[in-house]
Amino acid sequence: MDKLEMLQQWVRESRNIVFFGGAGVSTESGIPDFRSVDGLYRQKFDYPPEMIISHTFYEKNPEYFFRFYREKMLPLGFEPNITHRVLARWEEEGKLSAVVTQNIDGLHQKAGSKKVYELHGSVLRNYCTRCRKFHSAEFVKNAPGVPRCECGGIVKPDVVLYEEGLDQNTIEQSIWAISHADLLIVAGTSLTVYPAAGLINYYRGNRLVLINRDETPYDSQADLVFHQSLGEIISRL
Ligand code: CNA
């Protein structure tokens, strides 16, 4: 039996799949990731991207932060791809219990997934830092300069910046899901951003599958590894 047949069998037998993903899940929708050869981290900016999307930089230079955020991090107008759609279908069929994602683009929900744990938040939620009023992503996109609420407060995207903590509830729910999964599929992530990447250590089963174009630090821990396009594999499951 080859690797793909093995994975097909595991998916058939599973009743409690958890999918853990990253930016590579959405590249096939046209949204660039950070660390691929054509990703954001290979482009030239005035500052390293990790610095621009840090809390300190956001506080010190909000004008530059929002210019970068609007141009490079606000993926509006994109559609879910085959991976998002298959995961939504598995959930509906009762085979998949949760998607844990590092993505901030909302595409899993757009494809119909219900149980989605967004470790790094979502560009679709934006709150006034003074009065907590909700604002849409379009509001942030179209605001001139630093987006401001009617009350005068800055509207901040509900996205976890470097130096900021992750939501405790989301972490706990993700750990619970991962530790109870019968099959854990980890895909489209370089597994280099912590604490998110460390969550896969909570998996206790023996069906850990890694699908990623590039190698990851967790390849040797996986029971099956595919260095291929995610869409190519998922479309055959
Ligand atoms: P990353 O570090 O950019 O790694 C992405 C990985 O996906 C790389 O190792 C690629 O080899 C792999 N990859 C890319 N496309 C494919 C594909 N089609 N098939 C298989 N593998 C592929 O991204 P991570 O998610 O690991 O890093 C975490 C950051 C990136 C999170 O904080 C995200 O918020 C952030 N991010 C999110 C988005 C989004 O929401 N769509 C886009 C860009 C960055």
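Residues numbered from 1 in each chain as written. Predicted model: local features only at pLDDT ≥ 70, side-chain atom pairs only at ≥ 80, totals over all residues. Heavy atoms only, no water.

**Looking at the site of the ligand**
Here is the rule: Here a residue is near a molecule or strand as soon as one of its heavy atoms is found within 4 Å of it. Here a polar contact is taken to be a pair of N or O atoms separated by no more than 3.5 Å, where protein atoms must pair a possible hydrogen donor with a possible acceptor and residues adjacent in sequence count only if both atoms sit in side chains. All accessible-area figures derive from a Shrake-Rupley calculation using a 1.4 Å probe, and residue coverage is judged against the displayed protein chains alone.
Every one of the 28 residues lining the ligand counts as a neighbour, but Arg-35, Asp-105, His-120, Ser-190 and Asp-214 are closest to it. Phe-34 places a polar main-chain atom, nitrogen or oxygen, 2.8 Å from an oxygen atom of the ligand. Here a nitrogen atom of the ligand and a side-chain polar atom of Asp-105 are 2.7 Å apart. Out of a free accessible area of 850 Å², the ligand has 95% covered by protein chains.

**Section: the pattern of salt bridges**
As a working rule, side chains carrying opposite charge can pair if their charged atoms are close by. Operational definition: Throughout this description, the term salt bridge denotes a Lys or Arg side-chain nitrogen within 4 Å of a carboxyl oxygen of Asp or Glu. Only protein chains enter the calculation, and the probe is 1.4 Å; a residue is then buried if its accessible area is under 20% of its type maximum, exposed if over 50%, and partly exposed in between.
Applying the stated criterion across every chain, the model contains seven salt bridges. A salt bridge links Arg-89 to Glu-93; the shortest N-O distance between them is 3.4 Å. The partly exposed category is assigned to Glu-93, whose relative accessible area is 49%. If you follow the salt bridges from partner to partner, you end up with Glu-118, Arg-125 and Asp-158 in one network.

**Notes on the packing of aromatic side chains**
Here a ring pair, both rings aromatic, is described through the centre-centre distance and the interplanar angle of the planes. Formally: Ring geometry is summarised as follows: Phe, Tyr and Trp rings, the Trp one being its six-membered ring, pair when their centres sit within 6.5 Å, and such pairs are stacked at plane angles under 30 degrees, edge-to-face over 60 and tilted between the two. The numbering of helices and of strands both runs from the N terminus, where a helix is a DSSP run of H or I of at least 4 residues and a strand a run of E of at least 2. Over a ring means this: the NZ of a Lys or the CZ of an Arg is within 6 Å of the ring centre and within 35 degrees of the ring normal.
Considering all chains together, one arrives at 10 aromatic pairs under this definition. Ring plane angle 70° and centroid distance 4.9 Å describe the contact between Tyr-47 and Phe-57, whose orientation is recorded as edge-to-face. Taken together, the residues span a long stretch of sequence, with Tyr-47 in the loop between strand E1 (17–21) and helix H2 (49–52) and Phe-57 in helix H3 (residues 55–60) at a distance of 10 residues. The exposure class assigned to Phe-57 is buried, which follows from its relative accessible area of 9%. Within the aromatic cluster, the residues linked to one another by ring pairs are Tyr-58, Phe-65, Phe-66 and Tyr-69. Lys-3 extends its terminal NZ or CZ atom over the ring of Phe-226, reaching a point 5.0 Å from the ring centre.

**Section: the sheet that holds strand E5 (residues 134–135)**
What counts here: Two strands form a pair only when DSSP identifies at least two bridges running between them. Contact definition: two residues touch when any of their heavy atoms are within 4.5 Å. Here the axes come from fitting lines to C-alpha atoms, over the contacting stretch only for helices, and the angles between their N-to-C directions go from 0 to 180 degrees.
Ordered in space as E5-E4-E6, the three strands form an open sheet in which the pairing is antiparallel. One side of each edge strand has no neighbouring strand; the edge strands of this open sheet are E5 and strand E6 (155–159). Alignment of strand E4 (residues 121–128) against E6, held across five bridges, turns out to be antiparallel. What sits directly across from Cys-128, in E6, is Val-155. Where helix H4 (residues 62–73) meets the sheet, its contacts fall on E4 and E6, and the angle it forms with E6 comes to roughly 45°.

Note that every value here comes from positions in space, so none of it alone points to a role or purpose.
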